[in-house]
Amino acid sequence: MVDCHIHFVGRILRSFGVSEADVDDAVQQVYLVFAKKIASVREGSERAYLFRTAQRVAYRTRRGRSARSEVSLDGELQELRDPACPERSLESARGFDTLSRIIGEMHETLRPVFVLYEIEQISMVQIAEMLEIPPGTVASRLRRARKEFQQRVSSCQEDERGVA
């Protein structure tokens, strides 16, 4: 189970605002919860359970980090660093930071649908099963999430033009 879904869990945690420095610990927390509850997880819905658990762990991790006021992009910057082109690396890091912030600020009912569909590329039917909501609700939330995302991107672009 770990081998099959560890990258998925890590991406979900990052998408929900867990810093690179905290991802490994958060992944471990997700799998500890999963190990304790494995008997009650319905066969075939393991990925959905891991998603919901990762979502809760991400919220707790972010709250804990903000309480400690620790914000570190060192891990992300290290990962994105391209020694041949530092300007490109810096621009990528800024883009990643902006994307993480925008997704992190999205309404909590819209964010999971947006992340699962747009980033994880999971079908709406599968998302409905994972989140245990009707397919029509998934479609509606995705429409609203895309609109909110677009508005936030436009706002960021306007802010950058105003600063530049």
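If you're wondering where the values come from, they're calculated on a predicted model, not measured in any experiment.

With that settled, consider the nonpolar core. Formed by 40 residues in total, the largest nonpolar core has its most connected members in Phe8, Val9, Ile12, Leu13, Phe51 and Leu116. Counting residues per element, the ones that place at least two in this core are helix 1 (2–15), helix 2 (20–37), helix 3 (46–68), helix 5 (86–105), helix 6 (111–119), helix 7 (124–131) and helix 8 (135–163). By residue number, the principal contributor to this core is helix 3, which donates 7 residues. In this view, Leu116 contacts Phe8, Ile12, Phe51, Gln121, Ile122, Ile127, Met130 and Leu131; residues no more than four positions away in its chain are not counted.

In this section: the side chain of Gln55. You can see Gln55 is positioned in helix 3. Among the residues examined, Gln55 registers a relative accessible area of 13% and is labelled buried. What Gln55 contacts, discounting residues up to four positions off in sequence, is Phe16 and Pro112.

It is worth spelling out the packing of helix 6 against helix 7 at this point. Two numbers describe how helix 6 lies on helix 7: the axes approach to 10 Å, and their chain directions differ by 140°. Here helix 7 runs oblique to helix 6, going by the angle between their axes. Between helix 6 and helix 7 lies a crossing whose hand is right-handed. Every residue of helix 7 that contacts helix 6 at Pro112, Val113, Leu116 and Tyr117 is listed here: Met124, Ile127, Met130 and Leu131. When its residues are assigned to classes, the contact of helix 6 with helix 7 shows 8 nonpolar, no polar and no charged.

This part takes up unusual backbone geometry. Although it is not a glycine, Gln121 adopts a positive phi angle of roughly 55°. Along the chain, Gln121 falls in the loop between helix 6 and helix 7. Judged by its relative accessible area of 67%, Gln121 falls in the exposed class. One non-glycine residue, Glu132, lies in positive phi territory at about 55°. Its place among the elements puts Glu132 in the loop between helix 7 and helix 8.

Let us now look at the pattern of salt bridges. Counted under the stated rule, the structure contains 7 salt bridges. A salt bridge links Glu120 to Arg11; its shortest N-O distance comes to 2.7 Å. Remark: Arg11 occurs in helix 1 and Glu120 occurs in the loop between helix 6 and helix 7; sequence separation between them is 109 residues. Classification of Glu120 as buried rests on a relative accessible area of 10%. We classify Arg11 as partly exposed; its relative accessible area is 36%.

Cut-off values and rules
- Residues numbered from 1 in each chain as written.
- Predicted model: local features only at pLDDT ≥ 70, side-chain atom pairs only at ≥ 80, totals over all residues.
- Heavy atoms only, no water.
- Core = buried A, V, L, I, M, F, W, Y, C linked by side-chain atoms within 4.5 Å.
- Buried < 20%, exposed > 50% of the residue type's maximum accessible area, 1.4 Å probe, protein only.
- Helix = DSSP H or I, 4+ residues; strand = E, 2+ residues; numbered from the N terminus.
- Contact = heavy atoms within 4.5 Å.
- Axes fitted to C-alpha atoms, helices over the stretch in contact; angles between N-to-C directions.
- Parallel < 35°, antiparallel > 145°, perpendicular 65-115°, else oblique.
- Left-handed = near helix turned anticlockwise from the far one by under 90°.
- Nonpolar A, V, L, I, M, F, W, Y, C, P; charged D, E, K, R; others polar.
- Salt bridge = Lys/Arg side-chain N within 4 Å of Asp/Glu carboxyl O.

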